[in-house]
Amino acid sequence: MCHGVTHNTAAPGRDGEPALWRQRLLKAGAVPLLCSAMAGCVTARLPAPPRLIAEVAPPGFPRSVRFLSSDRDYLVEHLNGVVRSLSAVADGKPIRILALSGGGAGGAFGAGALYGLARAGRRPEFQVVTGVSAGALLAPFAFLGPTWDRQLKEAFDSHRTEHLLRPRPWLGFLFHPGIYSRGPLVALVDHFVTRRLVRAVAAQARLGRLLLVATTDLDKQESVIWNMGMIAEQGGEPARKLFRQVLVASASIPGVFPPVLIRVTGDGRSYDEMHVDGGTTLPFFVASDVAEVLPLRLPELRNARVFVIVNGQLSTYPKTTAQKPMAVLSRSFSAALMHASRRALVLSAVLARHFGMRFRFTYLPMSFPDHGSLNFKYANMHELFAYGVRCAESGQLWTTLDQAIDEGQRGATRLPLISYQCPAAPAP
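This one's a predicted model, so the numbers in the text were calculated from it and none came from an experiment.

*Asks:* I keep staring at helix 8 (residues 195-206) and nothing clicks. Help me out?
*Replies:* Each full turn of the α-helix corresponds to 3.6 residues, which orients residues three or four apart in the same direction. Helix length check: helix 8, at twelve residues, gives a terminal C-alpha distance of 16 Å against a target of 16 Å (1.5 Å per residue), a fit within 8%. Those residues of helix 8 that sit buried are Leu 197, Val 198, Ala 200, Val 201, Ala 202 and Ala 205. Buried-residue contacts for helix 8 involve helix 5 (134-144), helix 7 (183-192), strand 4 (210-217), helix 9 (228-234) and helix 10 (236-250).

*Asks:* Help me understand the state of the cysteines in this model?
*Replies:* Under the counting rule described, the total for this entry stands at one disulfide. A sulfur-sulfur distance of 2.1 Å marks the disulfide that ties Cys 391 to Cys 422. Where Cys 391 bonds to Cys 422 through sulfur, the torsion about that S-S bond is close to -90°, and the disulfide is left-handed. Taken together, the residues Cys 391 in helix 12 (residues 378-393) and Cys 422 in the segment after helix 13 (401-412) connect sequence positions 31 residues apart. Note on Cys 391: relative accessible area 0%, which makes it buried.

*Asks:* Explain the packing of helix 4 (residues 107-119) against helix 6 (residues 149-156) here, please?
*Replies:* Between two packed helices, what matters for the description is the angle formed by their axes and the separation of those axes. Orientation of helix 4 relative to helix 6, taken along the N-to-C sense of each, is 155°, at an axis distance of 10 Å. When the interaxial angle is binned, helix 4 and helix 6 end up roughly antiparallel. You can see that helix 4 and helix 6 cross each other, and the crossing is left-handed. Packed against helix 4, whose contacting residues are Gly 107, Ala 108, Ala 111, Leu 114, Tyr 115 and Ala 118, the element helix 6 presents Asp 149, Leu 152, Lys 153 and Phe 156 at the interface. The class makeup of the residues in the contact of helix 4 with helix 6 is seven nonpolar, one polar and two charged.

*Asks:* Looking at this model, I keep getting lost on the side chain of Asp 272. Mind explaining?
*Replies:* As for its position among the elements, Asp 272 is in strand 7 (residues 269-277). Within polar-contact distance, the side chain of Asp 272 engages the backbone nitrogen of Leu 46 at 2.8 Å. Among the polar contacts made by the side chain of Asp 272, one reaches the side chain of Arg 263 at a distance of 2.4 Å. Setting aside residues up to four positions removed in sequence, Asp 272 forms contacts with Arg 45, Leu 46, Pro 47, Ala 48, Pro 49, Asp 219, Leu 261, Ile 262 and Arg 263.

*Asks:* Help me understand the environment of Arg 302, please; the structure alone is not making it clear to me.
*Replies:* Among the structural elements, Arg 302 can be located in the loop between strand 7 and strand 8 (305-313). Given the relative accessible area of 53%, Arg 302 is considered exposed. Sequence separation of Arg 302 and Arg 353 is 51 residues, and the distance between their C-alpha atoms is 9.3 Å. Residues within four places of Arg 302 in sequence aside, it is in contact with Phe 355 and Gly 356.

*Asks:* Teacher, can you tell me more about the packing of aromatic side chains here?
*Replies:* Aromatic ring pairs are reported here in terms of the distance separating the ring centres and the angle at which the planes meet. Tallied over the full model, the rule gives ten aromatic pairs. With a centroid separation of 5.9 Å and 75° between ring planes, the pair formed by Phe 126 and Phe 307 is classed as edge-to-face. With Phe 126 in the loop between helix 4 and strand 3 (128-132) and Phe 307 in strand 8, this pair connects stretches of sequence that are 181 residues apart. Classification of Phe 126 by relative accessible area gives buried; the value is 2%. With relative accessibility at 14%, the residue Phe 307 sits in the buried group. On the basis of an interplanar angle of 90° and a centroid distance of 5.9 Å, the ring pair of Phe 141 and Phe 192 is categorised as edge-to-face. Placement of Phe 141 in helix 5 and of Phe 192 in helix 7 is noted, with a sequence separation of 51 residues between them. One exposure class covers both Phe 141 and Phe 192, and it is buried. An aromatic cluster is present here, built from Phe 109, Phe 368, Tyr 387 and Tyr 420 joined pairwise through their rings.

Here is what the cut-offs are and how they apply
- Chains are numbered independently. Their residues run from 1 in the order of the written sequence.
- In keeping with the predicted nature of the model, local features appear solely for residues at pLDDT of at least 70, side-chain atom pairs appear and are counted solely at 80 or more, and the whole-chain, interface and lining totals rest on all residues.
- Only hydrogens and water are set aside when side-chain values are computed; all heavy atoms of the structure are taken into account.
- Comment: elements are numbered from the N terminus, with helices defined as DSSP H or I runs of at least four residues and strands as E runs of at least two.
- To estimate how far a helix should reach, multiply one less than its number of residues by 1.5 Å.
- For every residue, the accessible area obtained with a 1.4 Å probe (protein chains only) is divided by the maximum for its type, and the residue is called buried under 20%, exposed over 50%, and partly exposed between those limits.
- Contacts are assigned to residue pairs with any non-hydrogen atoms lying within 4.5 Å of each other.
- The criterion for a disulfide is a pair of cysteine sulfur atoms lying within 2.5 Å.
- Every axis corresponds to a line fitted to the C-alpha atoms, with the helix fit spanning only the stretch in contact, and the corresponding angles, defined between N-to-C directions, vary from 0 to 180 degrees.
- Throughout, the term roughly parallel applies to angles under 35 degrees, roughly antiparallel to angles over 145, roughly perpendicular to angles from 65 to 115, and oblique to all others.
- Crossing handedness is read from the near helix: turned anticlockwise from the far helix by less than a right angle, it gives a left-handed crossing, and turned clockwise, a right-handed one.
- In this classification, the charged set is Asp, Glu, Lys and Arg, the nonpolar set is Ala, Val, Leu, Ile, Met, Phe, Trp, Tyr, Cys and Pro, and all remaining amino acids, among them Gly, are polar.
- Here a polar contact is taken to be a pair of N or O atoms separated by no more than 3.5 Å, where protein atoms must pair a possible hydrogen donor with a possible acceptor and residues adjacent in sequence count only if both atoms sit in side chains.
- Only the six-membered ring of Trp is used, alongside the rings of Phe and Tyr, when aromatic pairs are assigned; centres must lie within 6.5 Å, and planes under 30 degrees apart are stacked while those over 60 apart are edge-to-face, with the rest tilted.

Written out as structure tokens, the structure is:
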């Protein structure tokens, strides 16, 4: 039953006649539609776990399949063993860590960068790959290496993303926590998260390599780090479903896509956790929130190589923002990600120095044309992908904080200049 909506057409407007908008709604059959929308506006969910750090996990999976990035005790207990395992996998060479940021459509840049590195013979095997949001969708391919580059290119340089933003039916956005339907995003992830991919991730995880993806638990308002290799090792359709669910959650930009409810159990009870885009709390991650202050000595990390791909810009030219919902939403999303990325880069560089690691990153320079982080049209994705390929093949991909700061300072003092110069190209 739909309460609060009447069929009384005699209610007068200012001129004593039925209000014009009400007539139009009735003529269009909008009242039944409104009732229908309201009936489905609230998705039933179980309560969230009552404790911040709780003994719960998705059914059939160990609790260690994920952890809060702020869980100091978990890291103290596990980090030494994990680093020793990674050192063994590296076989005497420096441990290599790749962190992939969010950035919406900008993920095509990171995909192109990895594709180009492989073509140039400069893409190492990474012992650790971490991903957030768009970077989470890219992470499994980066983890599995160049033998999966065909799927990598298809995911980020094809027409598959063309209809990723599918608006809800009329009025539906008023009653659902997302302007766009989740269906196209789920279909995209489901196409690539095959049982073969999950088995391949499990095989690499058993060797000791790590694939980690971050989501944001809205109930806890904390970052959650998921061990995707451990999920994959559980095997079968439950592993594939949870693997897919985590990737969709990590890429579900709040307000754009609906959040993802993940069922967990513990203490004989079931709960629902609400997860959204990992970029809400972490633009990318090299280590946990509290790693910098842990009382640990990790000699195995000395000389480790840390590479960060920022799938977006760190500064932009001024641009008149259209007074339209999507323009404001897209620009706001980009601004939040840009500033969070700058802070995270500085903290990551400090952490790398603390443990004696070498730090390099890449990003979209200020002068690269900005077509919007929510522009998933093929022309924009292809432009980003091709740019990443070119910079990687030319050896002008990886840069430093000092170089990026200099580039931003030069750009800040001149009028907008559209350029396809690579991040590490010599200054003009």
